[in-house]
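# Survey of secondary and tertiary structure
Chain by chain, the residues run as shown.
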Amino acid sequence: GQQVMQIPQYQHVQEGEDFTTYCNSSTTLSNIQWYKQRPGGHPVFLIQLVKSGEVKKQKRLTFQFGEAKKNSSLHITATQTTDVGTYFCADAGNTGKLIFGQGTTLQVKP
Amino acid sequence: EADIYQTPRYLVIGTGKKITLECSQTMGHDKMYWYQQDPGMELHLIHYSYGVNSTEKGDLSSESTVSRIRTEHFPLTLESARPSHTSQYLCASSEFSPIEQFFGPGTRLTVL
């Protein structure tokens, strides 16, 4: 069935360094959503990308959707300790069901 | 701030017990979902509902059952809990698809 692969699984960075997580699918994605889950918390919606090649920014976060709609990325510029958590991408088809990637857990050393 | 609630937040029970995990939302959303998540792992959809009296099984097979008698309420029941059911259970809702899902705080279940 449909699978969404996310890499890397873990990333440790020094505060101030950049961070990127990648999401890949073997099939075309309808829409892609990104969520953040803080340690011990629940997923919180960050953004949805719909169009091929779309780029959206939220302060230090930049989200991209590939031209072929088979991959997406989340880039954080100059990480802060508040960025710690697990970032999930999810294939959001029109059925309403989300298929989540495995997540990338970000640790930030102060 | 999303208004979706789950109780209990933590539950430790013995094997063979029947349990019900509660999920309620006050946003009037038609769509509701149950996910299972092991620590540090991805979320797996186990049940979903698109409205009252509508329930479907998700992509991950689960021995649990759900009901949707009222729009705001989507409880999950395990008739006979086993240690393999130990996990975190997250409830979510959305207004329509594809749009963001709002997640509850989760129930951490431990079956001894």
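Provided above is the structure to which this section pertains.
To start, this report covers the structure provided alongside it. (Residues numbered from 1 in each chain as written. Chains lettered and ligands numbered in written order. Predicted model: local features only at pLDDT ≥ 70, side-chain atom pairs only at ≥ 80, totals over all residues. Heavy atoms only, no water.)

## Thoughts on the nonpolar core
Applicable threshold: Think of a nonpolar core as a cluster: buried Ala, Val, Leu, Ile, Met, Phe, Trp, Tyr and Cys residues, connected wherever their side-chain atoms sit within 4.5 Å. Burial classes: relative accessible area under 20% of the type maximum marks a residue as buried, over 50% as exposed, and values in between as partly exposed (1.4 Å probe, protein chains only). Strands here are runs of E lasting at least two residues and helices are runs of H or I lasting at least four, both read from the DSSP assignment and numbered beginning at the N terminus. For this analysis, residues touch if any pair of their heavy atoms sits within 4.5 Å.
Among the nonpolar cores identified, the biggest contains 20 residues, and Ile32, Trp34 and Phe63 of chain A are the most heavily contacted of them. Those elements that provide at least two residues to this core are strand 3 (19-25), strand 4 (32-37), strand 5 (43-49), strand 7 (61-65), strand 8 (71-76), strand 9 (85-92) and strand 11 (104-109) of chain A. Setting aside anything within four residues of it in sequence, one finds Ile32 of chain A in contact with Cys23, Ile47, Gln48, Leu49, Phe65, Ser72, Cys89 and Ala90 of chain A. Ile4, Trp34, Leu78 and Ala81 of chain B belong to the second largest nonpolar core, which has 18 residues in total.

## Let's talk about the sheet that holds strand 7 (residues 65-66) of chain B
The cut-off we apply is this: Criterion used throughout: strands pair if DSSP finds at least two bridges between them.
With antiparallel pairing, the 4 strands of this open sheet are ordered in space as 1-3-8-7 (chain B). Looking at strand neighbours, the two that pair on one side only are strand 1 (4-7) and strand 7 of chain B, the edges of this open sheet.

## Quick notes on the pairing of strand 4 (residues 31-37) of chain B
Residue and element names in this part refer to chain B. Where burial is concerned, most of strand 4 is hidden: 7 out of the 7 residues are buried. Burial along strand 4 is two-sided: the face carrying Lys31, Tyr33, Tyr35 and Gln37 and the face carrying Met32, Trp34 and Gln36 are both buried. As defined by bridge partners, strand 4 adjoins strand 9 (residues 87-94) across 7 bridges and the pair is classed as antiparallel. Residue pairing across strands places Met32 opposite Ser93, the latter belonging to strand 9. Pairing geometry for strand 4 and strand 5 (residues 44-51), over 5 bridges, is antiparallel. Residue pairing across strands places Gln36 opposite His44, the latter belonging to strand 5. As consecutive antiparallel partners, strand 4 and strand 5 are separated by 6 residues, and within that stretch Gly40 has a phi angle of approximately 75°, a positive value.

## Some points on the packing of aromatic side chains
This is how the line gets drawn: Centres within 6.5 Å are what make two rings of Phe, Tyr or Trp a pair, Trp counting through its six-membered ring; a difference in plane orientation under 30 degrees is then read as stacked, over 60 as edge-to-face, and the rest as tilted.
Following the criterion strictly, the structure yields 11 aromatic pairs over all chains and no others. The interplanar angle of 75° and the centroid separation of 5.6 Å between the aromatic rings of Tyr35 of chain A and Phe45 of chain A together place this pair among those described as edge-to-face. Within this pair, whereas Tyr35 of chain A is found in strand 4, its partner Phe45 of chain A is found in strand 5, the two being separated by 10 residues in sequence. In this structure Tyr35 of chain A comes out as buried when scored by relative accessible area, which is 0%. Taking the centre distance of 5.6 Å and the plane angle of 90° together, the rings of Phe100 of chain A and Tyr35 of chain B count as edge-to-face. A residue pair is termed interchain when its members come from two chains, as with Phe100 of chain A in strand 10 (residues 98-100) and Tyr35 of chain B in strand 4. With relative accessibility at 0%, the residue Tyr35 of chain B sits in the buried group. Among the aromatic residues, ring-to-ring pairing joins Tyr35, Phe45, Phe88 and Phe100 of chain A together with Tyr33, Tyr35 and Phe103 of chain B into one connected group.

## Some thoughts on the sheet that holds strand 6 (residues 55-58) of chain A
All names here are of chain A. Definition in use: Every axis in this analysis is a line fitted to C-alpha atoms, fitted for helices over the stretch in contact. Angles between the N-to-C directions lie between 0 and 180 degrees.
Spatial strand order, 1-3-8-7-6: 5 strands in an open sheet with antiparallel pairing. Two strands bound the open sheet, and with one partner strand each, they are strand 1 (4-7) and strand 6. The mean angle between the axes of side-by-side strands here comes to 15°, regardless of whether they run parallel or antiparallel. As paired elements, strand 1 and strand 3 share 4 bridges and run antiparallel to each other. Within strand 3, the residue paired with Met5 across the bridge is Asn24.

## Overview of unusual backbone geometry
In this model, Ile7 of chain A is joined to Pro8 of chain A through a cis peptide bond whose omega is -5°. Note on placement: Pro8 of chain A falls in the loop between strand 1 and strand 2 (10-14). Between Thr7 of chain B and Pro8 of chain B the backbone carries a cis peptide bond, its omega angle lying at -10°. Residue placement: Pro8 of chain B occurs in the loop between strand 1 and strand 2 (10-13).

## Notes on the interface of chain A and chain B
Counted only if it meets this: By buried area we mean how much accessible surface two parts lose on assembly, using a 1.4 Å probe and totalling the loss over both. Whenever a carboxyl oxygen of Asp or Glu lies within 4 Å of a side-chain nitrogen of Lys or Arg, that contact is scored as a salt bridge. Within 3.5 Å is the distance limit for a polar contact, defined as a pair of N or O atoms, with the added protein rule that one can donate a hydrogen and the other accept it, and that residues adjacent in sequence qualify only through two side-chain atoms.
Counting from both sides, the interface comprises 22 residues of chain A and, opposite them, 21 residues of chain B. When chain A packs against chain B, the two sides together hide about 1,700 Å² of surface, and 50% of this comes from carbon and sulfur. For chain A, the biggest contributors to the area lost against chain B are His42, Lys97 and Phe100 of chain A; these three give 28% of the whole. For the pair chain A and chain B, the interface holds 1 salt bridge. With its nearest N and O atoms 3.6 Å apart, the salt bridge here joins Asp59 of chain B to Lys97 of chain A. Our enumeration of links across chain A and chain B arrives at 3 residue pairs in polar contact (both at pLDDT 80 or more).

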